[in-house]
Each structure stands twice: as C-alpha cells, then as structure tokens.
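# Structural description and commentary
So the chains spell out like this:
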Amino acid sequence: MGELTSLTLKAAVEGLKSKRFSSLELTQAHVQAIEAARGLNAFVLETPDKALDMAKAADARIASGEAGPLEGAPLGVKDLFCTEGVRTTACSKILGDFKPTYESSVTANLWRDGAVMLGKLNLDEFAMGSSNETSAFGPVSNPWRAEGSNQTLTPGGSSGGSAAAVAADLCLGATGTDTGGSIRQPAAFTGTVGIKPTYGRCSRWGIVAFASSLDQAGPIAKTVEDAAILLKSMSGHDPKDSTSLPVDVPDFPSFVGMSVKGLRIGVPKEYSAPGMPAEIQALWDQGVEWLKEAGCEIVPVSLPHTKYALPTYYIVAPAEASSNLARYDGMRYGLRAEGKTLTEVYENTRAQGFGEEVQRRILIGAYVLSAGYYDAYYLKAQKVRRRIADDFAQAFETVDALLTPATPSSAFALGAKDTMDPVTMYLNDVFTVTANLAGLPAMALPAGLDSQGLPLGLQLIGRPLEEGTLFSVAGALEKAADFKAKPRVWWRG
Ligand code: GLN
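For the structure given in this document, a descriptive report is provided here. What you see is a predicted model, and the numbers here were worked out from it, not measured in a lab.

## A look at the overall build of the protein chain
Helix and strand counts for the protein chain stand at 15 helices and eleven strands. Since a compact globule built from 493 residues should have a radius of gyration of about 23 Å, the 21 Å found for the protein chain is in line with a globular shape. The buried share among the 493 residues of the protein chain stands at 60%. Intrachain contacts of the protein chain at a sequence separation of at least 6 include 76% that bridge at least 24 residues. Carbon and sulfur atoms make up 53% of the accessible area of the protein chain, which amounts to about 18400 Å² in all. Side-chain charges in the protein chain split into 46 positive and 54 negative, and the spacing between the mean points of these groups amounts to 2 Å.

## Describing the layout of surface pockets
Taken as a whole, the largest pocket holds about 450 Å³ of empty space. When contributions to the lining of the largest pocket are tallied by element, the ones reaching two or more residues are helix H5 (160-167) and helix H15 (467-481). In the lining of the largest pocket, the residues fall into eight nonpolar, six polar and seven charged.

## A word on the nonpolar core
Phe126, Leu170, Phe392, Leu403, Ile461 and Phe471 are the most contacted members of the largest nonpolar core, which has 150 residues in total. Ranked by the residues each element gives to this core, the list is headed by helix H9 (residues 309-324), at nine residues. When near neighbours in sequence (up to four residues on either side) are disregarded, Leu403 contacts Ile265, Gly266, Val267, Pro268, Trp284, Gly287, Val288, Leu291, Leu458, Gln459, Leu460 and Leu477.

## Brief notes about the state of the cysteines
Within the structure shown, the criterion is met by zero disulfides. Cys82 provides the cysteine sulfur closest to Cys91, a residue in no disulfide bond, and the two sulfurs are 13 Å apart.

## Re helix H7 (residues 224-234)
Counting buried positions over the eleven residues of H7 gives nine, a clear majority of the element. All of the buried residues along H7 are Val224, Asp226, Ala227, Ala228, Ile229, Leu230, Leu231, Ser233 and Met234.

## A few points about the site of the ligand
Taken together, 15 residues sit near the ligand, with Thr179, Gly180, Ser182, Tyr313 and Arg361 positioned nearest. Contact between the ligand and Gly129: an oxygen atom at 2.9 Å from a main-chain N or O atom of the residue. Interatomic distance of 3.2 Å between a backbone N/O atom of Gly181 and an oxygen atom of the ligand. Relative to its unbound accessible area of 290 Å², the ligand is 99% covered by the protein chains. Here the ligand is seated within the largest cavity. Per-class residue counts for the shell around the ligand are five nonpolar, seven polar and three charged.

Cut-offs and rules
Residues numbered from 1 in each chain as written. Predicted model: local features only at pLDDT ≥ 70, side-chain atom pairs only at ≥ 80, totals over all residues. Heavy atoms only, no water. Helix = DSSP H or I, 4+ residues; strand = E, 2+ residues; numbered from the N terminus. Rg over C-alpha atoms; globule rule 2.2 N^0.38 Å. Buried < 20%, exposed > 50% of the residue type's maximum accessible area, 1.4 Å probe, protein only. Contact = heavy atoms within 4.5 Å. Areas by Shrake-Rupley, 256 points an atom, 1.4 Å probe, with all protein chains shown as cover. Lys, Arg positive; Asp, Glu negative; His and termini not counted. Charge placed at Lys NZ, Arg CZ, Asp CG, Glu CD. 1 Å grid on protein atoms, 1.4 Å probe; cavity = no way out; pocket = protein on both sides within 12 Å on 5 of 7 lines; lining within 4 Å. Points joined across faces, edges and corners; volume = space filled by probe spheres on them. Nonpolar A, V, L, I, M, F, W, Y, C, P; charged D, E, K, R; others polar. Core = buried A, V, L, I, M, F, W, Y, C linked by side-chain atoms within 4.5 Å. Disulfide = S-S within 2.5 Å. Near = heavy atom within 4 Å. Polar contact = N/O pair within 3.5 Å; in protein donor to acceptor, adjacent residues only side chain to side chain. Sits in = over half its atoms within 2 Å of the grid points.

Given below as structure tokens:
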C-alpha cells in the first residue's frame, strides 16, 4: 500500500476513476503514513474517521459515475481554514478548542469536488513567521536534511505543515495561505510547488484573517500540474468575500505543457540580494538558460522600489493584523483568563493566549496606526506600496512574467535565526512580499539541489489573473529541471 502515497494527485485521481484502487485504500495508506510520521509534527489534528467516511462516500460517487475532479483524493488543510465542526486553532493558544460552525469557502470548494480531508496542518501562529517556530504546537521538521547530517531543518513558514506533509507524501496536496510568502517559501524549502494566486482569486471567507489586503489562499502540491488542478477547485467568485473577484476560473491544468515559445520573461536586477549565496544566483542563471532553450525571450527589467518592499510589508501587515486580532478578547472564542475587571480579563487573556511574535506584531501595528505616527509610517507605507505595484505594472508592459529566486537561502536549521532579532527572520521574505503588496500571482517550484543536497526554488511572478501563463512557464521549467529528488525517509516511527 506504501506506493499509493507516492502518487501524484493527477495519477491518483486517474487511478481512482479507472478503479485500479479505491479511495478507501488510498486514504488508509495516507492515514497510516501520517501516523508513522508524527515525529515531523506536520499535522496538529488528524481526522482519520472523517477521512474514511469521506473516502467511502467518494467511492460510492465513483461507482455511480458522479465523480468530481478531485473525487477521492486525500488532502491536508492548513489549520488557518475554518472547518465545520473540526477544531481550528491558527496554531494559537488563544483559539483554544474553537470548532467553527461553518466551512471556509476554499475548503468547501475542495469537498464539493470530491476531495477527502485527512486533518489540519501546523503553521506559524496566525501565519506570522517564516520557520513554523511560532506555532503553539511546536515547529514542524523539514523532511529534508543536509547530506550526512542529522540536524533538523525548518520546512519554512508559515505553511510549514502543509509543505512538509506534501514533501513527505503524507497527503496528495494541501491548502496554504500566503500573506508575504507563506506558500512559496515553504514550497522552496521542501522541493514542492506552491502558488499564491492573484489577490481575489480565492475567497478569504472562513480563513482566519492575518492581513486582509495581502492574504490569499493557494495550494502546495507535488507537481505544477497538481497545483493547477488544486487551484482550479479552490478558486472562484464568492459573494461572501467583498474582495473576491467576479471572474470565471480558467482551466488551469490545460496551461501546463503549453508552448512558451515567444513569451517574454523579465529578470529583475534588484532581486540579486547582497550576500545571497552564489548557488542561488547560479540556479537563477540556470532557470534563464532553460527558458531560453524553451524559446522564451529574456528581458532585463528594473523594479526600482524593491528595496522598500520588506519595510513596507512589515508596516502594512502588522497594522492590519493589530486590527484583525482585536476580536480575540476572551469573550467570543476559546481561551479566557480570569481577571478582576473586564479590562483585566482582556489583558490576561491576550497576554496568555498570544505568543511573542504575535504580540510584537500587534504592538508594531498599533504603533504605526496611532494618531501621532499614522502619517509617518502607515500612510507612507501605503504610498510606497502603490509605487511597488506601479513598478510591476510598468514591467508587465514589456514582459509576460518575471523569473526570480524564491528565497535567499535553502532551508535553515530550527533555532538558527536569532529570536532576539526578528529582522533576521523577516529577511527571508525579501523575494516574496513584493507580489503580495502588488496583489500579483506568484509561484515557487523546485529547480535543483544545493551543495548540501537541499532543494532550491525559483519564483515566477505574473500579471493579474494570468496564473495560466505561470503554469505554462512553470511547466517548461519543471520539464527542464527534471527535479526527481525526494528526501531520505528518516522519520517513520
Ligand atoms: N513570513 C511572513 C510573515 O511573517 C509572511 C507570512 C505569511 O505569508 N503568512 O509575516
């Protein structure tokens, strides 16, 4: 049964449709793999009974010829998506045992199309982090280790559980969310594919909010085609989210494998970060070569405001977070700490319920929004955000997509970044936050291994609503890179 877990989503769905195996068998294989991989700490809640019930229902629909596009495929869900009757924590103590009475639109779309839920996946608390170390459930271990080393590495964050689970074959694909890179950076660190679609492509309804003008859902998958299949199901207009775009969902999988001949690919010079390892530059150069060979035209471009993206993001995101997280007051959800007065209850609940990084973001956010500092920080950041978006708009007048590295390094060790200096962690997001600020679709895919044998990713950024182009270009890169490496299995208990 072991091999069933190593199938791609596409192959699994085909195998189910042609009745080579049942969803029950496929789901059981994944349930067993998850139990044997508890040492990775990827799942914070396993829902095997629900999974097996959903699998049986899927088998019945396959038998009666009513199979949906994801019929019977077992998936993992980042624990930031509300799942009806199933504990949803955002990996924060403050939500306690919160069991939503509703289902997020994105996960509802997946179940509508026949997918099976295996459980809820670990993440940085409220999706704030780049290493999964801020989770109230403890960090996730990256299934990958450097050659000849037993050191545990981070899978990245915040969707660290999602990326690790996909890389370790614990699910056929997973949902993630990306506010500043939380799908793409973990994908790059684990040799998986992740796409953050255009802002508004996926409904935010029922996803625990971090920074509402930046948050987007998207898939983490084993291949470019799997990511396209998942994104197609996850997307779609939703009247329950006022920022959801009223546009049709293209047939994303049909873009994978399309010729990219004649496409113009921009290479932004500002994405050469100082101190970036030579290997990352070499991988980027390799990506350029592969696209040239596939018939693309390479165009050097400039995005002059790139250097302001990180400071802008770390003003806008905390500002919105401080507002969104005001609702956790000990009255409506989960945790309530005692106190002599109402104010004390609020204070004690929030002091005990929120971790250090979340408290830091709330403080920064409240500060940059305060009357005396609003103009100097928040308003200024909004103006710079516009400039960053304008840079992209200008570049997209001459190019169809941009190629950049996904991250400034490969996966680092858990505990490696100085927790006294959060900026060292924030620097990880240097290549990813720009797409969120501009609302653009962006994708990370594995392109090679570094000298330690760890995966490295490339990033593609596209025009608004042109995820299709990204899937075509990513398909060409995937073919050229022929990335087949898998982590050595050390985690089976
Ligand atoms: N690492 C970034 C942060 O900590 C991005 C997180 C995300 O995309 N959710 O804010």
